[in-house]
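Here is what each chain is made of, one letter per residue.
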Amino acid sequence: MRSLIAALLTVAAALFLTGSATPQTTDSTSAWWTTGIRINQGRPFGLLGITKQIGPRIFQYTGADFGGIERSLTTQTGIRITKPSRWELYGLLGPQIETVETDPTNETTIDYLTASTGALLNYNRNRSLSFFVGFQYLWTDATIKRWKFGLGILVPIDLS
């Protein structure tokens, strides 16, 4: 049952990702450096990525957790649930790749492709800096910890 749910979530995320990547808003800020700390596999890791606005309510985060023997690459589609304001709530959906080094001396790794869902609470200070806190759940049968928690900041960038 879990593998079916994971497959459905992965397909849904792929459909979101194949949508238009052209910003459809008049807001001058449409992309942000995203950095912070994520608790991955029970350990804190540095988080680095880019969040891009692809529609009035839809945002795309692409990034990675770095450090230690566990790493992950992810792309999350965030759908704003609340109206634009200082405090915004987002639902998250997307594929996740977890890489775990089982034997660092021999550079042996195991990679897990999973679907993930979650939520994110964002505080917009003044459209020049935002703070976020969120969680993710990995839909997998693998023997890894399924919950992730993170916090960080979003700094606007110009991709034009």
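Structure: above.
The numbering scheme is per chain: residues are counted from 1 as the chain's sequence reads. In view of the model being predicted, local features appear only for residues whose pLDDT reaches at least 70, and side-chain atom pairs are presented and counted only at 80 or more, with totals across whole chains, interfaces and linings using the full set of residues. Water and hydrogen atoms play no part in the side-chain values, which are based on all heavy atoms of the structure.

(A) Main features of the pattern of salt bridges. Basic side-chain nitrogens of Lys or Arg form a salt bridge, by our definition, when they fall within 4 Å of a carboxyl oxygen of Asp or Glu. Inspection of the entire model under this criterion finds three salt bridges. One salt bridge connects D65 with K148, and the closest N-O pair in it is separated by 3.4 Å. You can see D65 sitting in strand 3 (residues 58-66) and its partner K148 sitting in strand 8 (residues 147-157), a full 83 residues away along the chain. Like K148, D65 is buried. A salt bridge links K148 to E98; the shortest N-O distance between them is 2.5 Å. One end of the pair, K148, is in strand 8; the other, E98, is in strand 5 (residues 87-103), and 50 residues separate them in sequence. Across the pair, exposure class does not vary: K148 and E98 are buried alike. Each of the salt bridges in this network shares a partner with another, and the network as a whole consists of R38, D65, E98 and K148. Where helices and strands are cited, they refer to DSSP runs of H or I of at least four residues and of E of at least two residues respectively, numbered from the N terminus. Working definition: with a 1.4 Å probe on protein chains only, accessible area under 20% of the residue-type maximum means buried, over 50% means exposed, and in between means partly exposed.

(B) Representation of the layout of surface pockets in the model. Roughly 570 Å³ of internal volume is contained in the largest pocket. Using only the protein atoms, space was sampled on a 1 Å grid; points where a 1.4 Å probe fits but cannot get out form cavities, open sets with protein on both sides within 12 Å along at least five of seven lines form pockets, and lining residues are those with an atom within 4 Å of a point. For the largest pocket, the lining is made up of 36 residues, of which T51, Y90, L92, L120 and L154 are closest to its centre. Elements that contribute at least two residues to the lining of the largest pocket include exactly strand 1 (31-40), strand 2 (43-53), strand 3, strand 4 (70-80), strand 5, strand 6 (108-124), strand 7 (130-139) and strand 8. Here the residues of the lining of the largest pocket are counted per class, giving 14 nonpolar, 16 polar and six charged. Grid points are joined across faces, edges and corners, and a volume is the space filled by probe spheres set on the points. Charged residues are taken to be Asp, Glu, Lys and Arg, nonpolar residues to be Ala, Val, Leu, Ile, Met, Phe, Trp, Tyr, Cys and Pro, and polar residues to be all remaining types, Gly included.

(C) How the structure looks around the sheet that holds strand 4. Strand order in this closed barrel of eight strands is 1-2-3-4-5-6-7-8, and the pairing throughout is antiparallel. The average undirected angle you get between the axes of adjacent strands in this sheet is 25°. Any two strands between which DSSP finds at least two bridges are classified as paired. Two elements, strand 7 and strand 8, share eight bridges in a ladder whose sense is antiparallel. Paired with Q136 across the two strands is K148, which belongs to strand 8. Angles shown run from 0 to 180 degrees and are taken between the N-to-C directions of axes, each axis being a line fitted to C-alpha atoms and, for helices, limited to the stretch in contact.

(D) Representation of the environment of I54. Tracing the sequence through the fold places I54 in the loop between strand 2 and strand 3. Residues I54 and A31, 23 residues apart in the sequence, show an inter-C-alpha distance of 9.3 Å.

(E) Summary view of the nonpolar core. Residues W32, L47, F59, Y61, Y90, L92, L120, F132 and L154 constitute the largest nonpolar core, which totals nine residues. Sorting the residues of this core by element identifies strand 3 and strand 5 as the ones contributing at least two each. Only heavy atoms enter the contact rule, under which two residues are in contact if any of them lie within 4.5 Å. Not counting the four nearest positions on each side in its chain, F132 is found in contact with T34, T35, L47, L120, L121, N122, G150, L151, G152, I153 and L154. Here, nonpolar core refers to any group of buried Ala, Val, Leu, Ile, Met, Phe, Trp, Tyr and Cys residues whose side-chain atoms link them within 4.5 Å.

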